[in-house]
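In case you want the letters, here they are:
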Amino acid sequence: MACDREEKYDELVKEFEGNNNIHILRNGHLVSRASDYIIYSVEAAVIDRVVAQYGPSTKLGAIVGGQTSCKDPEIKAFEKYLPADVDIVSCHSLHGPNVDAKGQPLVLIKHRASDESFAKVEHVLSCLNSKVVYLSAEEHDRITADTQAVTHAAFLSMGKAWHATKQFPWEGTRYVGGIENVKINLMLRIYAQKWHVYAGLAILNPEAHKQIAQFAKSTTELFYLMLEGRADELRARVYAAKEKVFGAEGSPKWESKPLLRDDVLDQFSLRPPENAGPSAPSLPNNHLSLLAMVDCWSALGIVPYDHMICSTPLFRLWLGVTEHLFRTPGLLDECLKVGIEDRTFRRDDLQFTIAAAGWAECVGLRQFETWRERFAVTQAFFEPRFKGAVEVGNAMIKAVLASDEKD
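Everything in this summary refers to the structure shown in the same document. Per chain, residue numbering runs from 1 following the sequence as it is written. Only residues with pLDDT of at least 70 get local features here, since the model is predicted, and only at 80 or more are side-chain atom pairs given and counted; chain-wide, interface and lining totals rely on the full set of residues. Where side-chain values are given, they derive from all heavy atoms of the structure, hydrogens and water being excluded.

Concerning the pattern of salt bridges
Basic side-chain nitrogens of Lys or Arg form a salt bridge, by our definition, when they fall within 4 Å of a carboxyl oxygen of Asp or Glu. Taken as a whole and assessed by the stated rule, the structure comprises 19 salt bridges. Two residues, Glu7 and Arg5, come together in a salt bridge whose shortest N-O distance is 2.8 Å. Residue Glu7 is classed as exposed on the basis of its relative accessible area of 59%. Given the relative accessible area of 47%, Arg5 is considered partly exposed. For the salt bridge of Arg237 with Asp295, the shortest nitrogen-to-oxygen distance reads 2.8 Å. With Arg237 in helix H10 (residues 231–246) and Asp295 in helix H12 (residues 288–300), this residue pair connects regions lying 58 residues apart in the sequence. Judged by relative accessible area, which is 7%, Asp295 ranks as buried. Within the structure, one salt-bridge network assembled from shared partners comprises Lys217, Glu221, Arg237 and Asp295. Relative accessibility decides the category of a residue: with a 1.4 Å probe and only protein chains considered, values under 20% of the type maximum give buried, values over 50% give exposed, and everything between is partly exposed. Helix and strand definitions follow DSSP, with helices as H or I runs of at least four residues and strands as E runs of at least two, each counted in order from the N terminus.

Re the sheet that holds strand E5 (residues 131–134)
Strand pairing in a sheet relies on backbone hydrogen bonds. The paired strands run either parallel or antiparallel. For two strands to be treated as a pair, DSSP must find at least two bridges joining them. One open sheet accounts for five strands, arranged E1-E2-E3-E4-E5; its pairing is mixed. Both outer strands of the open sheet, strand E1 (37–40) and E5, are each paired with one neighbouring strand and no more. Averaged over all adjacent pairs, the angle separating strand axes in this sheet is 25 degrees, with direction ignored. Whether two residues are in contact is decided by their heavy atoms, any of which lying within 4.5 Å being enough. To define axes, lines are fitted to C-alpha atoms, for helices over the stretch in contact only, and angles between the resulting N-to-C directions are given on a 0 to 180 degree scale. Strands E1, strand E2 (63–66), strand E3 (87–93) and strand E4 (105–112) of the sheet are contacted by helix H4 (residues 71–81), whose axis makes an angle of about 160 degrees with E3.

Focus on helix H9 (residues 208–227)
Helix span, as expected, comes to 1.5 Å for every residue beyond the first. Compared with the 28 Å implied by 1.5 Å per residue over 20 residues, the 29 Å span of H9 between its first and last C-alpha is a close match. A positive backbone phi angle near 70 degrees is found at Gly229, which sits one or two residues after H9.

Section: the packing of helix H8 (residues 195–203) against helix H16 (residues 368–382)
The interhelical angle for the contact between H8 and H16, taken along N-to-C directions, is 140 degrees, at an axis separation of 10 Å. When the axes of H8 and H16 are compared, the pair comes out oblique. The handedness of the crossing between H8 and H16 is right-handed. Contact with H8, carried on its side by Trp195, Tyr198, Ala199, Gly200, Ala202 and Ile203, involves Phe368, Trp371, Arg372 and Phe375 of H16 and no other residues of that element. Each residue gets one label: Ala, Val, Leu, Ile, Met, Phe, Trp, Tyr, Cys and Pro are nonpolar, Asp, Glu, Lys and Arg are charged, and the others, such as Gly, are polar. Tallied by class, residues from the contact of H8 with H16 come to eight nonpolar, one polar and one charged. Oblique is the label for any angle not covered by the other classes, which are roughly parallel (under 35 degrees), roughly antiparallel (over 145) and roughly perpendicular (65 to 115). Handedness of each helix crossing follows the sense of rotation of the near helix against the far helix: counterclockwise by less than a right angle gives left-handed, clockwise gives right-handed.

A few points about the environment of Leu365
Take Leu365: it is sitting in the loop between helix H15 (346–364) and H16. According to the relative accessible area criterion, Leu365 is exposed, its value standing at 53%. Residues Leu365 and Asn285, 80 residues apart in the sequence, show an inter-C-alpha distance of 33 Å.

Here's the deal with H10
Over its 16 residues, H10 runs 22 Å from end to end, which matches the ideal 22 Å to within 8%, given 1.5 Å per residue. Of all the positions in H10, only Leu234, Val238, Ala241, Lys242, Val245 and Phe246 are classed as buried. Mapping the buried residues of H10 onto a view down its axis gives an arc of 105 degrees, with all of them on the same face. Across from the buried face of H10, at angles greater than 90 degrees, the exposed residues are Asp232 and Glu243. Elements in contact with the buried residues of H10: H9, strand E6 (247–248), strand E7 (251–252), H12, helix H13 (313–327) and helix H14 (331–341). What the arc describes is the spread of directions from the helix axis to the C-beta atoms.

Take a look at the structure:
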């Protein structure tokens, strides 16, 4: 049994007519009073209001959970509005749409439940063939803040920067190669989704605020060092962050095998055929977004490998290209040199820095409407190019996951 907002009832009935496994009801009261296991799949920003409306109708002895990406407001709503005889087992699939759930992390949170109820939830969700991770609500929010919130902020800032400079980066010759393919494809993937997915995770997760604020701070301070030509300070800061996050030269924290293979990523360019080929080599780039991410992790004491068991495909790609930059001989030094001496990407870096600060301020002020407007205007800029681009991004994620399985 399932429902959506009441005004969608007729539309859903028509969509699922003939499907004997799905029975559409008019509202949440009817679903709640008849179901033994209820999942609230609603925006984190409205979970309190929705549970307040339908929670009191929950069937005696039922199990209730939610699929929101931020568990703090979800658990508070359940505790506040659900009857005391109801068990609470929450969940969260740590991957986006169009990604096969098989083998991907699935968080289960036994917040208030008997062993019997928890076993029922495990059995129901076993059909996903996901990799189950057992966490508390607090642990979930801390890990998703460390892995997802600040990663999303980086890609959101890239989109704002390219929007501000009125460019589709894959159509030119400046953003070429595996690292750039990841940046572009994942940026488009995020802006092709609904705004509230990322807003709720960032604004409602109390653990996310400091991560996003620190990312903006790291971006700004590194950009200032580049602008002011302070090469020695820039190098010292970046190498100190490298050692703290990735380990010392003789005892690295990364595995002997890189997370990503460059030859896999090179296949997924969005560049038109006339700009492709050996005549369009990769331009040196200071990769400010990647340097700022490592500086942010260093400042917050985050070791990203500690969270691999709960990592999303997007985070693994982001960590993979960051690792690639920091472990490839000569590449990091080239980035630092470009940051000081080359002005090719200055305009883009300026807009990226402004965008990162803007998202951080929006999160700090808990401004959902401002977030929606900032997201929507950039989404509209890229929307004409979503067709085809999202499919390439999905194919890239599938190829990387398949490569991981083979290895």
